[in-house]
Amino acid sequence: MKIISWNIDSLNAALTSDSSRALMSRAVLATIKNEDPDIIAIQETKLPHNGPSKKHKEILAEEFGDYDYVWVSSCEPARKGYAGNMTFYKKGLMPLVTFPKIGAPDTMDFEGRIATLEFEDFFFTQVYTPNAGNELKRLPLRQIWDEKYADYLEELDKIKPVVATGDFNVAHKEIDLAHPENNRMSAGFTDEEREGFTNLLNRGFIDSFRHINGDVEGAYTWWAQRVKTSKINNSGWRIDYFLVSDRIKDLVKDSKMVDSGERQDHAPILLNIDLEK
């Protein structure tokens, strides 16, 4: 089974805008489509609470007609047009879909951050993890989220194996960003967030990219948009992951980044796993 995950940073813009960035986003979508994955996980859709519009649905039907899809958006009391995700799966697959609330603090459970698809032999779940924010204002809440999310994945894993993907908003180790020495107190590289990710892995999961690729350096999934040369100079972070239950780690055949061309921000990631075994 081939799965691709991507933080798109506004599905509406990617589908309907004519800006240069939107054109680059559509090129990335075309690359994803050409990979012919079984599942596509999209984070940060930023759609309204009632989901894709009629125009969005028409475009998706034309471009991704081989897929069914489900979505979850931010709703009150959370901010409108915030976070959200969408999961595409090949027609013929018949998952049981849930949008769980995990007892997260503040409005996090209402921000459209998790979608879980239960298949016969495994759970597939995607997440858009809350950012610690400017001046780390949301870091204490993020720490609670990390613990609650780890609890959630562990409970799923007790039932059947798990494939979890998404934007986890943390570079786990120094090797996972270009300039660790300059980012000790930056959101996504605090000791607290890194410890939260370590705790998640210790619940019985592996980082599939490191499992397959070892300590390869310079492999990133995100480059800051505000720094025009960040991608040219490969001054990036690896904050997007495919995690799998430890007991199915040997079924992972590949885990890598997908080329996103000139587009900065997130690159898609790809997992190839032989779940039929």
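Since the structure is predicted, the reported quantities are computational estimates derived from the model, not experimental observations. (Residues numbered from 1 in each chain as written. Predicted model: local features only at pLDDT ≥ 70, side-chain atom pairs only at ≥ 80, totals over all residues. Heavy atoms only, no water.)

### Topic: the overall build of the protein
When its secondary structure is counted, the protein shows 6 helices and 14 strands. For 277 residues, the compact-globule formula gives about 19 Å, and the C-alpha radius of gyration of the protein, at 17 Å, lands near that figure. Along the first, second and third principal axes, the C-alpha atoms of the protein reach 45 × 45 × 40 Å. Burial status across the protein gives 54% buried among its 277 residues. Put simply, 72% of the contacts in the protein that link residues at least 6 apart link residues at least 24 apart. As presented, the protein carries roughly 12600 Å² of accessible surface, and 48% of it is formed by carbon and sulfur atoms. Looking at charge distribution, the protein has the averaged site of its 35 positive side-chain charges lying 4 Å from that of its 45 negative ones. (Helix = DSSP H or I, 4+ residues; strand = E, 2+ residues; numbered from the N terminus. Rg over C-alpha atoms; globule rule 2.2 N^0.38 Å. Buried < 20%, exposed > 50% of the residue type's maximum accessible area, 1.4 Å probe, protein only. Contact = heavy atoms within 4.5 Å. Areas by Shrake-Rupley, 256 points an atom, 1.4 Å probe, with all protein chains shown as cover. Lys, Arg positive; Asp, Glu negative; His and termini not counted. Charge placed at Lys NZ, Arg CZ, Asp CG, Glu CD.)

### Looking at the UniProt feature "domain: Endonuclease/exonuclease/phosphatase" (unreviewed entry) in the protein
Under the present numbering, the feature "domain: Endonuclease/exonuclease/phosphatase" (unreviewed entry) in UniProt falls on residues 4–247. Between the C-alpha atoms that bound residues 4–247 the distance is 21 Å, and the span itself is 28% helix and 21% strand. (UniProt positions renumbered as here; feature names shortened; annotations may be inferred.)

### A few points about the side chain of serine 25
As for its position among the elements, serine 25 is in helix H2 (residues 20–34). Exposure remark for serine 25: the relative accessible area of 3% places this residue in the buried category.

### Let's talk about the sheet that holds strand E12 (residues 252–257)
If you walk across this open sheet you meet the 6 strands as E3-E4-E2-E1-E14-E12, and the pairing is mixed. Each edge of the open sheet is held by one strand with a lone partner, namely strand E3 (67–72) and E12. The sheet shows a mean angle of 15° between the axes of neighbouring strands, direction not considered. Note that strand E1 (residues 2–7) and strand E2 (residues 39–43) share 5 bridges and pair parallel. When the bridges of E2 are listed, isoleucine 3 appears paired with isoleucine 39. (Pairing = 2+ DSSP bridges. Axes fitted to C-alpha atoms, helices over the stretch in contact; angles between N-to-C directions.)

### A look at the pattern of salt bridges
As enumerated under the stated definition, the model contains 26 salt bridges in all. In this structure, glutamate 35 and lysine 2 form a salt bridge, with 3.2 Å as the shortest nitrogen-oxygen distance. With glutamate 35 in the loop between H2 and E2 and lysine 2 in strand E1, this pair connects stretches of sequence that are 33 residues apart. A residue is classified by how much of its surface remains accessible, and glutamate 35, at 26% relative accessible area, is partly exposed. For aspartate 246, the salt bridge goes to lysine 249, with nearest N and O atoms at 3.6 Å. A relative accessible area of 35% places aspartate 246 in the partly exposed class. Exposure remark for lysine 249: the relative accessible area of 28% places this residue in the partly exposed category. Several salt bridges share partner residues, and in doing so they unite Asp9, Arg21, Glu44, Lys46 and Asp265 into one network. (Salt bridge = Lys/Arg side-chain N within 4 Å of Asp/Glu carboxyl O.)

### Thoughts on the pairing of strand E6 (residues 114–118)
Counting buried residues along E6, 4 of its 5 residues qualify, which places the element largely inside the surrounding structure. Sheet analysis places strand E5 (residues 96–98) next to E6, joined by 3 bridges and oriented antiparallel. Opposite leucine 96, over in E6, you have glutamate 118 as the bridge partner. In this sheet, strand E7 (residues 123–128) lies alongside E6 in antiparallel orientation, the contact comprising 5 bridges. The residue of E7 that forms the bridge with alanine 115 is glutamine 126. Adjacent in sequence and paired antiparallel, E6 and E7 are bridged by 4 residues.

### Comments concerning the side chain of aspartate 167
Within the secondary structure, aspartate 167 is located in strand E8 (residues 162–167). An unpaired buried charge is present at aspartate 167: no salt bridge exists, and arginine 113, the closest side chain of opposite charge, is 7.5 Å distant. A distance of 3.0 Å separates the side chain of aspartate 167 from the backbone nitrogen of asparagine 169, its partner in a polar contact. Once residues within four sequence positions are removed from consideration, aspartate 167 is found in contact with Asn7, Gln43, Val127, Tyr128, Thr129, Ile239, Asp240 and His266. (Polar contact = N/O pair within 3.5 Å; in protein donor to acceptor, adjacent residues only side chain to side chain.)

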